[in-house]
Amino acid sequence: MAFELPDLPYAYDALQPYMSKETLEFHHDKHHNAYVETGNKLLAGSGLEGKSLEEVVIGSYGKNQALFNNAGQHFNHIHFWKWMKPNGGGAVPGSLEAKIKEDLGGVEKFKEDFIEAGKGQFGSGWAWLALKNGKLEVMKTPNGENPLVHGATPLLGVDVWEHSYYIDYRNRRPDYLKAFIENLVNWEYVEELYSKAK
């Protein structure tokens, strides 16, 4: 099953002013597309052909670094586009809000910890809200790594590679993270993933 670049679920200018058309054009059309094209080349002859993307990510982790890097980033970005929407942010849906309160001390505390995870990820990587052993956790991972390889299900992730924010925010990663969590998150999609993962 070859990797395919998905279309963005909104127009390139739909996330402005928090994420520019130029950022999405570069990030989706160039960066994500490169993971897809390189991943497809590396998948050939890997022994993981025909597996689901999740199986390729888990199966290549620690064994085939180049394939893992590209498959992991392809997986992360497929969800990243859906984790954002125009007029995002706002209230967290009820069942998820209750779980965040129970496991993470409430929505505001979760937001602070999520932003801190993104700020504290040295170099490139991601910050996550994930479900592990029935409990919500805030995590951070380097490069293209994600919660799947740590036995957890990613529910929300933010890309802190510089290409995801440098055009709009330059070196102000905290401002990007705050804009993401307050104005871009598609909580309905996060809740949908949570319902499936429960």
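Before any of the text, the structure's been laid out above.
Residues numbered from 1 in each chain as written. Predicted model: local features only at pLDDT ≥ 70, side-chain atom pairs only at ≥ 80, totals over all residues. Heavy atoms only, no water.

## Things to note about the pattern of salt bridges
Once the charged atoms of two side chains with opposite charge are near each other, the side chains can pair.
Inference 1: Under the definition given, this model contains 10 salt bridges.
Inference 2: For the salt bridge of K135 with D103, the shortest nitrogen-to-oxygen distance reads 3.4 Å. In this pair, K135 sits in strand 2 (residues 135-142) while D103 sits in helix 4 (residues 94-104), placing the two residues 32 residues apart along the sequence.
Inference 3: Ionic pairing is found between K111 and E108, a salt bridge with its closest N-O pair at 3.9 Å. Taken together, the residues span about one helical turn, with K111 and E108 both in helix 5 (residues 107-120) at a distance of 3 residues.
Inference 4: Here K111 falls in the buried class, since its relative accessible area comes to 7%.
Inference 5: In the salt-bridge network here, residues are joined through shared partners; they are K99, D103 and K135. (Salt bridge = Lys/Arg side-chain N within 4 Å of Asp/Glu carboxyl O. Helix = DSSP H or I, 4+ residues; strand = E, 2+ residues; numbered from the N terminus. Buried < 20%, exposed > 50% of the residue type's maximum accessible area, 1.4 Å probe, protein only.)

## A short note on the nonpolar core
Inference 1: Core analysis: the biggest nonpolar cluster contains 45 residues, and F80 and L156 have the highest contact counts within it.
Inference 2: Looking at this core, the elements with two or more residues in it are helix 3 (65-82), helix 4, helix 5, strand 1 (125-132), strand 2, strand 3 (153-159), helix 7 (173-184) and helix 8 (187-197).
Inference 3: Once residues lying within four places of it in the same chain are set aside, the contact partners of L156 are W83, F110, F114, A127, W128, L129, F180, I181, V185, W187 and V190.
Inference 4: Of all hydrophobic cores here, the second largest spans 13 residues; its members include V56, V57, A71 and F75. (Core = buried A, V, L, I, M, F, W, Y, C linked by side-chain atoms within 4.5 Å. Contact = heavy atoms within 4.5 Å.)

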